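Chain and residue survey
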Amino acid sequence: MSYSQISLDKFKDTFSTDIELSSVALGGQVISVSDEFFADAFHLLLVEPAPSLKGQFGPKGALFSGWESRRHNPAYDWCIVKLGTTGSISGFDIDTSHFNGNEAPQVSVEILYSPDDEPAPQVDDSRWEEVLPKVGLGPSSRHLFTVPPSKGVNYVKLNMYPDGGIARFRVYGLVAPIFPSDTSAVFDLAHVFSGGRVVYTSDQHFGVGSNLILPGRGKDMGDGWETKRSRAQGHKDWAIIKLGDAGYLSQVEIDTAHFMGNFPESCELHALHSAELVPNNVPEDSWTLILPRTKLGPHRRHFFQLENVQGAAFTHVKITIHPDGGVKRVRVHGRRADPISAAGDAQAAHPARATEADGGSGAASAQGAPPTLSPDRSARGPLIPAVPLTPEAFAPFGKVVQAYADVHAVPDPRHTRVTGANQGTATKFHKLALLEASYPAGSGATAGLSIYRCKPIDVTADGEWEVKLLERHPCTNQAFVPMGGAAGLGDALEEPGTRYLVIVAHNGADDKPDPSTLRAFVASGGQGIVYDTGVWHHPMAVLDKTMDFTCVETQIGNGDRLDCEVVDLDGSAGYYTVKVPS
């Protein structure tokens, strides 16, 4: 079996675009081990580098962050690891940091593939194949080895001769991507299980770029991408993600979980179709802007509809943050551009792990699974994805009024005032929206509260709903705040709905709605919305069940055009259609 040992200074050139298949962040786990008397084998797969525990002792002796077995083994010790996902292996980082005098003198590595629904392989399984022959290790150092790319495997056996300690064991390679069997399904093309890779970062001082495409939302700031503080005017940082396959993109999720005082001020996204793995030298104007520079907030999942993506397939997405900061995850939703390729058919036959509702795969969210596109869209109007409502995405059209579980996660935290109230029994989020009115003097307009009881709209079985009209209020902003219900209290709704659509658009050059700016959001029953003065919007569109809303507005109340203008949209080429998540 051929292999090469490479120096540590070649790590970036060799492994920077590969995936650490064994990492606990991907779900890697130790299945069985021959002996772990002094230090548990689970340490091998930890993300963080091994710390020194020099001078610290437990009941069995000196403490180490790594795997350490008893002395005097007449044969060898072994550890079986199940990778986080099936992949092709191309190399290893076998690290003996802080093991000096008790390091493993030699190791070898074996691999195999076994279906997930079968029992884990045993040490004497006849399917084990050696991929790294017996090689020597030294004390307290990292040892990098490359091997020819293997077939797809999901188990690795690390053998150490005869015994001793190893701090970390990192298995590098490429994921065998797993795509949904439904070729029209929208899913996260950037996700590591879909074959996504972060191939370039401008800076990763505090957290590496490869974290952006991991499963889940992580546990702290350490498992996101974070750049150092910038002091130069106009500074920006960026990361380039190669998608698992070329795709037609529709929406993006940008998660700043755990980044509260160090989230980016704003971000923008560009996309490209390129045969290069790392398209770093292409002209800037070759990149298509798919999300204009948009403000971000702390500790939050942000959802944005993408622009300039109709009919264009992309292979790479570049996220640019201004001026610096931390982002936890980037989820790029779309459908594959070539779903009927031979490779795609084979991949689609696997269980769709890339679309499990794991809280971070990108294929499911608190608002439900992203929609599946209907195959016959060509004869109908454009499809608009309804994304979960967030303050930053809605900011061009109005305000979101809601409470926040963490007071440090409010929008614009430097200026949003949060205090205790009511003798400590309440938290007050001050003036999240202001009332506005610009009626002519003498018009008789007055501010007041109204109640709307809204029945659910008729969404098709495919989750689609056509937008046929929009309205605006030229002289006032308008707030809608969901009301709860109560069983057995007469007029109150016993089981009110919990979500509703918010559909908005900017004004066009003809003083009518500009369809290209149409956006749709799914708001929860815990979110109120305020339409800015003059913003085109659809009347309240409730989903699933009837809901009551308190409406706060200024109006004359006699049907005057100063109160409300309604425009019927042109459906001759098909109405714009909102795709509602399930």
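Before reading on, note that the structure itself is shown above.
Below is a short write-up of the structure. (Residues numbered from 1 in each chain as written. Predicted model: local features only at pLDDT ≥ 70, side-chain atom pairs only at ≥ 80, totals over all residues. Heavy atoms only, no water.)

Focus: the overall build of the protein
- Per the secondary structure count, the protein includes three helices and 39 strands.
- In terms of overall dimensions, the protein has C-alpha extents of about 95 × 60 × 55 Å along its principal axes.
- Within the protein, the fraction of its 582 residues that count as buried is 51%.
- When contacts within the protein are restricted to residue pairs at least 6 apart in sequence, long-range pairs at least 24 apart make up 80% of them.
- Across the protein, the 50 positively charged side chains and the 68 negatively charged ones have centroids separated by 4 Å. (Helix = DSSP H or I, 4+ residues; strand = E, 2+ residues; numbered from the N terminus. Buried < 20%, exposed > 50% of the residue type's maximum accessible area, 1.4 Å probe, protein only. Contact = heavy atoms within 4.5 Å. Lys, Arg positive; Asp, Glu negative; His and termini not counted. Charge placed at Lys NZ, Arg CZ, Asp CG, Glu CD.)

Focus: unusual backbone geometry
- With omega at -15 degrees, the peptide bond leading from Tyr161 into Pro162 counts as cis.
- Of note, Pro162 is situated in the loop between β11 (152-161) and β12 (165-166).
- Even without being a glycine, Ser140 presents a positive backbone phi close to 45 degrees.
- Mapping Ser140 onto the fold places it in the loop between β9 (129-136) and β10 (142-146).
- Here the phi dihedral of His299 falls at roughly 50 degrees; this positive angle occurs in a residue that is not glycine.
- Summarising the element assignment, His299 is placed in the loop between β19 (288-295) and β20 (301-305).

Description of the pattern of salt bridges
- All told, the structure shown has 29 salt bridges when counted by the stated rule.
- Put simply, Arg472, Asp511, Arg561 and Glu565 are held in one network by salt bridges that share partners. (Salt bridge = Lys/Arg side-chain N within 4 Å of Asp/Glu carboxyl O.)

Remarks on the pairing of strand β21 (residues 313-322)
- The element β21 is extensively covered by neighbouring structure, given that nine of its ten residues are classed as buried.
- Pairing of strand β17 (residues 237-255) with β21, which is carried by eight bridges, proceeds in the antiparallel orientation. Its bridge partner being in β21, Ala239 is matched across the sheet by Ile319.
- Of the pairings in the sheet, the one linking strand β18 (residues 266-272) to β21 comprises seven bridges and is antiparallel in character. Looking at β21, one finds that Ala271 is bridged to Val317. (Pairing = 2+ DSSP bridges.)

Re the state of the cysteines
- Applying the stated rule across the entire model yields zero disulfides.
- Its sulfur unpaired, Cys475 is 11 Å from the next cysteine sulfur, which belongs to Cys564.
- Residue Cys475 is classed as buried on the basis of its relative accessible area, which comes to 6%. (Disulfide = S-S within 2.5 Å.)

Observations regarding the nonpolar core
- Ile89, Phe92, Leu249, Ile254 and Phe394 are the most contacted members of the largest nonpolar core, which totals 86 residues.
- When residues no more than four places from it in sequence are discounted, the contact partners of Phe92 are Phe15, Val109, Val131, Leu132, His143, Leu144, Phe145, Val147, Phe169, Arg170 and Val171. (Core = buried A, V, L, I, M, F, W, Y, C linked by side-chain atoms within 4.5 Å.)

A closer look at the side chain of Thr86
- Relative to the helices and strands, Thr86 resides in strand β7 (residues 77-95).
- Its relative accessible area of 19% is what places Thr86 among the buried residues.
- Non-local contacts of Thr86, meaning those with residues more than four positions away in its chain, are made with Tyr113, Gly152, Val153, Asn154, Val175 and Ala176.

Some remarks on the sheet that holds strand β37 (residues 547-555)
- Spatial strand order, β25-β34-β31-β37-β28: five strands in an open sheet with antiparallel pairing. Of all the strands in the sheet, just β25 (398-401) and β28 (446-454) have a single pairing partner and so form its edges. In this sheet, adjacent strand axes meet at a mean angle of 20 degrees when their direction is disregarded.
- Relative to β37, strand β31 (residues 478-483) runs antiparallel, the two sharing six bridges. Residue Phe480 lies in a different strand from β37, and its bridge partner there is Cys551. (Axes fitted to C-alpha atoms, helices over the stretch in contact; angles between N-to-C directions.)

What about the packing of aromatic side chains?
- All told, the structure shown has 18 aromatic pairs when counted by the stated rule.
- An angle of 10 degrees between the planes, with centres 5.9 Å apart, marks the rings of Phe92 and Phe169 as stacked. Of this pair, Phe92 sits in strand β7 while Phe169 sits in strand β13 (residues 168-175), and the two are 77 residues apart along the sequence. Like Phe169, Phe92 is buried.
- Ring plane angle 70 degrees and centroid distance 5.2 Å describe the contact between Tyr452 and Phe480, whose orientation is recorded as edge-to-face. Residue Tyr452 is found in strand β28, and its partner Phe480 is found in strand β31; the two are separated by 28 residues along the sequence.
- Given a relative accessible area of 34%, Tyr452 falls into the partly exposed group.
- A residue is classified by how much of its surface remains accessible, and Phe480, at 3% relative accessible area, is buried.
- Here the aromatic cluster, defined as three or more aromatic residues joined through ring pairs, consists of Phe394, Phe397, Tyr452, Phe480, Tyr500, Phe521, Tyr531 and Phe549.
- Against the face of Tyr161 rests Lys134, its NZ or CZ located 4.3 Å from the ring centre.
- The ring of Trp128 carries Lys157 above its face, with NZ or CZ at 5.6 Å from the centroid. (Phe/Tyr/Trp six-rings, centres within 6.5 Å; stacked < 30°, edge-to-face > 60°. Lys NZ or Arg CZ within 6 Å of the ring centre and 35° of its normal.)

A short note on the environment of Thr416
- Its location among the elements puts Thr416 in the loop between β25 and β26 (418-421).
- Considered as a pair, Thr416 and His430 are 14 residues apart in the sequence and their alpha carbons are 7.0 Å apart.
- Residues within four places of Thr416 in sequence aside, it is in contact with Val410, Pro411 and Leu432.
- A distance of 2.5 Å separates the side chain of Thr416 from the backbone oxygen of Pro411, its partner in a polar contact. (Polar contact = N/O pair within 3.5 Å; in protein donor to acceptor, adjacent residues only side chain to side chain.)

What to know about the pairing of strand β8 (residues 106-112)
- Summarising burial for β8: six of the seven residues are buried, a large majority.
- Sheet analysis places β8 next to β9, joined by five bridges and oriented antiparallel. Paired with Gln106 across the strands is Gly136, a residue of β9.
- Alignment of β8 against β11, held across seven bridges, turns out to be antiparallel. Within β11, the residue paired with Leu112 across the bridge is Tyr155.

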